[in-house]
Amino acid sequence: DTAVSQTPKYLVTQMGNDKSIKCEQNLGHDTMYWYKQDSKKFLKIMFSYNNKELIINETVPNRFSPKSPDKAHLNLHINSLELGDSAVYFCASSQASSTTLHFGNGTRLTVT
Amino acid sequence: TQLLEQSPQFLSIQEGENLTVYCNSSSVFSSLQWYRQEPGEGPVLLVTVVTGGEVKKLKRLTFQFGDARKDSSLHITAAQPGDTGLYLCAGALVKTSYDKVIFGPGTSLSVIP
């Protein structure tokens, strides 16, 4: 029944590793996003895809590569993880005609 | 530099008190939203305001959008412990073919029984 689901919920890994976070939405939305929430709870947009096309890329290091195989999925792959990548990553979706965002419950990434 | 500022950053009040949270910017937004986030969960939309000067009420919550569409306030009457959470304002910046939603830094509210 979950509208926007992310996996895994927790991810603990060492510096230098490569990891992926998956996101799926069953709302029929055509736009999906990745946001990063830091330790001070500040939510910052990273990427946005509309109908599998990248429309927002917010000066994110190119170690981060989003991939959208179809409208319902937006995955985030991170290469060569760094300590500063530790945060909660949120996936969200919306209809292009609306600014209402529907968020997943986040993936807490800890890089040691 | 944050485009959206919120105040206060933290707020701890007794049950039954009233409170107001402010969201300010020098940018004009096509719409402004308020979200509430609880620990371990994603933000959930409370309201969207679109017209300058608009006031919306949601039970004990009153939302106002500034006339110039640069600021907003959230007023809670007779706060209850269930109101505890992180309140985030978010503004939609109009780009050429899509809106970009940016978030304020949040106001962490704690309502003590």
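All values reported here derive from a predicted model rather than from experimental measurement.

S.K.: Would you explain the overall build of chain A in this entry?
M.R.: Summing up its helical and strand segments, chain A has zero helices and eleven strands in all. Counting helices and strands in the order they occur from the N terminus, chain A gives β-β-β-β-β-β-β-β-β-β-β. Its C-alpha radius of gyration of 13 Å places chain A within 12% of the 13 Å reference for a compact globule of 112 residues. With the principal axes as the frame, chain A shows a C-alpha extent of 40 × 30 × 25 Å. The buried share among the 112 residues of chain A stands at 45%. Within chain A, counting contacts between residues at least 6 apart in sequence, those at least 24 apart form 54% of the total. Surface accessibility of chain A: about 5600 Å² in total, with carbon and sulfur atoms responsible for 47%. Here chain A contributes 12 positive and 10 negative side-chain charges, whose respective centroids are spaced 6 Å apart.

S.K.: Quick question: what am I supposed to make of the environment of Gln95(A) here?
M.R.: Tracing the backbone through its elements, the reader meets Gln95(A) in the loop between β9 (87-94) and β10 (102-103). At 3.3 Å, the side chain of Gln95(A) forms a polar contact with the backbone nitrogen of Asp30(A).

S.K.: Honestly, the pairing of strand β1 (residues 4-7) of chain B in this entry has me stumped. Any pointers?
M.R.: Regular strands show a simple pattern: their side chains alternate between the two faces of the sheet. All names here are of chain B. Of the two faces of β1, only one is covered, namely that formed by Leu4 and Gln6; the face formed by Glu5 and Ser7 stays uncovered. Relative to strand β3 (residues 19-25), β1 runs antiparallel, the two being bridged by four bridges. For Gln6, the partnering residue across the bridge sits in β3 and is Cys23.

S.K.: For this particular structure, what's the right way to read the layout of surface pockets?
M.R.: Rolled over the atoms, a probe with the dimensions of a water molecule shows which regions are left empty. Size it by volume and the largest pocket reaches roughly 530 Å³. Surrounding the largest pocket, 30 residues form its lining, Gln37(A), Lys40(A), Lys41(A), Gln37(B) and Leu86(B) being those nearest its centre. Those elements that place two or more of their residues in the lining of the largest pocket are β9 and β11 (107-111) of chain A together with β1, β9 (85-94) and β11 (107-112) of chain B. Roughly 310 Å³ of internal volume is contained in the second largest pocket. What lines the second largest pocket is a set of 18 residues, and nearest its centre among them are His102(A), Phe103(A), Gly104(A), Asn105(A) and Val44(B). Examining the composition of the lining of the second largest pocket, we find that three residues originate from one element, strand β1 (residues 4-7) of chain A, more than from any other. For the lining of the second largest pocket, the per-class residue count stands at seven nonpolar, nine polar and two charged.

S.K.: What's the story with the interface of chain A and chain B in this structure? I'm lost.
M.R.: Note on interface size: it is often stated as the accessible area lost on association of the parts. Contact with chain A, which involves 18 residues of that partner, is made by 21 residues of chain B. Between chain A and chain B the total buried area reaches about 1600 Å² when both faces are included, carbon and sulfur atoms providing 59% of it. The largest per-residue losses of area from chain A upon contact with chain B belong to Phe42(A), Leu43(A) and Thr99(A), which jointly make up 32% of the total buried on that side. Taking the shortest distance from any N to any O, the salt bridge between Glu58(A) and Lys100(B) comes out at 2.9 Å. On the surface where chain A and chain B come into contact, there are eight residue pairs in polar contact (both at pLDDT 80 or more). Of all the elements in the fold, those that place two or more residues in the side of chain A that touches chain B are β4 (31-37), β5 (43-50) and β6 (53-57) of chain A.

S.K.: Could you clarify how one ought to interpret the pattern of salt bridges in this entry?
M.R.: Residues and elements named next belong to chain A. Taken as a whole, this structure holds six salt bridges over all chains when the rule is applied. Taking the shortest distance from any N to any O, the salt bridge between Glu82 and Arg63 comes out at 3.5 Å. One end of the pair, Glu82, is in the loop between β8 (73-78) and β9; the other, Arg63, is in the loop between β6 and β7 (64-70), and 19 residues separate them in sequence. Glu82 gets classed as partly exposed once you look at its relative accessible area, which sits at 41%. Asp85 is paired through a salt bridge with Arg63; the nearest N and O atoms lie 2.8 Å apart. In this pair, Asp85 sits in the loop between β8 and β9 while Arg63 sits in the loop between β6 and β7, placing the two residues 22 residues apart along the sequence. Because the salt bridges share partners, they merge into one network encompassing Arg63, Glu82 and Asp85.

The rules behind each value
Residue positions are given per chain, counting from 1 as you read along its sequence in written order. Key to labels: chains lettered from A, ligands numbered from 1, both in the order written. With the structure being a predicted model, the display of local features is reserved for residues of pLDDT at least 70 and the display and counting of side-chain atom pairs for 80 or more, all residues being used for whole-chain, interface and lining totals. No hydrogens and no water enter the side-chain calculation; it runs on all heavy atoms of the structure. Labels follow the DSSP assignment, with helices taken as runs of H or I lasting at least four residues and strands as runs of E lasting at least two, numbered in each case from the N terminus. The globule rule used for comparison is 2.2 Å times the number of residues to the exponent 0.38, while the radius of gyration itself is calculated over C-alpha atoms. Residue exposure (1.4 Å probe, protein chains only): buried if accessible area is under 20% of the type maximum, exposed if over 50%, otherwise partly exposed. Contact between two residues is taken to exist if any of their heavy atoms lie within 4.5 Å; hydrogens are not considered. Here, Shrake-Rupley sampling with a 1.4 Å probe gives the accessible areas, and only protein chains in the shown set may cover a residue. Here the positive residues are Lys and Arg and the negative ones are Asp and Glu; neither His nor the chain ends is included. Charge placement uses NZ in Lys and CZ in Arg. For Asp and Glu, CG and CD serve respectively. Polar contact is defined as a pair of N or O atoms within 3.5 Å, subject to the rule that within protein one atom must be able to donate a hydrogen and the other to accept it, and that residues adjacent in sequence are counted only when both atoms are side-chain atoms. The criterion for strand pairing is that DSSP finds at least two bridges linking the strands in question. Residues are said to line a cavity or pocket when one of their atoms sits within 4 Å of a point; the points come from a 1 Å grid over protein atoms alone, cavities being sets where a 1.4 Å probe fits but cannot get out and pockets being open sets with protein on both sides within 12 Å along at least five of seven lines. Grid points are joined across faces, edges and corners, and a volume is the space filled by probe spheres set on the points. Basically, the charged four are Asp, Glu, Lys and Arg, the nonpolar ten are Ala, Val, Leu, Ile, Met, Phe, Trp, Tyr, Cys and Pro, and anything else, Gly included, counts as polar. Put simply, buried area is the surface a 1.4 Å probe can reach on two separate parts but cannot reach once they are joined, added for both. Salt bridge criterion: a side-chain nitrogen from Lys or Arg within 4 Å of a carboxyl oxygen from Asp or Glu.

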